Amino acid sequence: QVQLVESGGGLVQFGGSLRLSCAASGNIRSINGMGWYRQAPGKQRELVATITSGDSTDYTDSVKGRFTISRDYAKNTVYLQMNSLKPEDTAVYYCNADLLQSGATLLRSYWGQGTQVTVSS
């Protein structure tokens, strides 16, 4: 069984910062890419940032220069440092990981339960 558990969400004022964490646990053999997505009320889930197993990163245009994704391979954890937050960043943030379970031969995609980020104006 694999679990992704997010933490670090909350309420912050315009211009503030938050750091999200997502820890993967269970019978994991290896983790390929990891990423963060978000879904605002009434909108579709969108990609925020991704990081490959080689530490290549990609960001959606609206967060470039403000958000930084990183990962700790020893802890199977991915982080999202969010600075200069804006009200339009308000959403539920979800962690995603493409990983190989012990004994498996195919990568599977797993999701966390989501953490709420609210930015007040």
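Residues numbered from 1 in each chain as written. Predicted model: local features only at pLDDT ≥ 70, side-chain atom pairs only at ≥ 80, totals over all residues. Heavy atoms only, no water.

Details of the overall build of the protein
Next up, step 1: Along the backbone of the protein there are zero helices and eleven strands.
Next up, step 2: Relative to the globule expectation of 14 Å for 121 residues, the C-alpha radius of gyration of the protein, 14 Å, shows essentially globular dimensions.
Next up, step 3: Along the longest, intermediate and shortest principal axes, the C-alpha atoms of the protein span 50 × 25 × 25 Å.
Next up, step 4: Across the 121 residues in the protein, those meeting the buried criterion constitute 40%.
Next up, step 5: By sequence separation, contacts in the protein at least 24 residues apart represent 55% of the contacts at least 6 residues apart. (Helix = DSSP H or I, 4+ residues; strand = E, 2+ residues; numbered from the N terminus. Rg over C-alpha atoms; globule rule 2.2 N^0.38 Å. Buried < 20%, exposed > 50% of the residue type's maximum accessible area, 1.4 Å probe, protein only. Contact = heavy atoms within 4.5 Å.)

Observations concerning the sheet that holds strand S8 (residues 77-82)
Next up, step 1: Ordered in space as S1-S3-S8-S7, the four strands form an open sheet in which the pairing is antiparallel. Of all the strands in the sheet, just strand S1 (2-7) and strand S7 (67-72) have a single pairing partner and so form its edges. Here the strands of the sheet are splayed against their neighbours by 15° on average, with no regard to which way each runs.
Next up, step 2: The pairing of strand S3 (residues 18-26) with S8 spans six bridges and is classified as antiparallel. Residue pairing across strands places Ala23 opposite Thr77, the latter belonging to S8. (Pairing = 2+ DSSP bridges. Axes fitted to C-alpha atoms, helices over the stretch in contact; angles between N-to-C directions.)

Comments concerning the nonpolar core
Here is a general trend for soluble globular proteins: nonpolar side chains tend to be buried in one another's company.
Next up, step 1: Counting residues in each nonpolar core, the largest one holds 30 residues, and the members touching the most others are Trp36, Leu80, Met82 and Tyr93.
Next up, step 2: At the level of secondary structure, the elements contributing two or more residues to this core comprise S1, S3, strand S4 (28-39), strand S5 (46-51), S7, S8, strand S9 (91-101) and strand S11 (115-120).
Next up, step 3: In terms of residue count, the dominant contributor to this core is S9 (five residues). (Core = buried A, V, L, I, M, F, W, Y, C linked by side-chain atoms within 4.5 Å.)

Here's the deal with the environment of Ala40
Next up, step 1: Structurally, Ala40 is set in the loop between S4 and S5.
Next up, step 2: Taking the C-alpha atoms as reference points, Ala40 and Gln116, 76 residues apart in sequence, are found 9.6 Å from one another.
Next up, step 3: Leaving out residues up to four positions away in the same chain, Ala40 has contacts with Thr90 and Ala91.

Focus: the pairing of S8
Next up, step 1: Within S8, five of the six residues are buried, which leaves it mostly tucked inside the rest of the structure.
Next up, step 2: Of the pairings in the sheet, the one linking S7 to S8 comprises six bridges and is antiparallel in character. Pairing of Thr68 across the sheet is with Gln81, part of S8.
Next up, step 3: Here S7 hands over to S8 after four residues, with Asn76 in that stretch at a positive phi of 50°.

Looking at the pairing of strand S10 (residues 108-111)
Next up, step 1: The sheet contact formed by S9 and S10 spans four bridges and is antiparallel. The residue of S10 that forms the bridge with Leu99 is Arg108.
Next up, step 2: Turn length for the S9-S10 hairpin, with the two strands adjacent in sequence and antiparallel, is six residues, and the turn residue Gly103 shows positive phi of about 85°.

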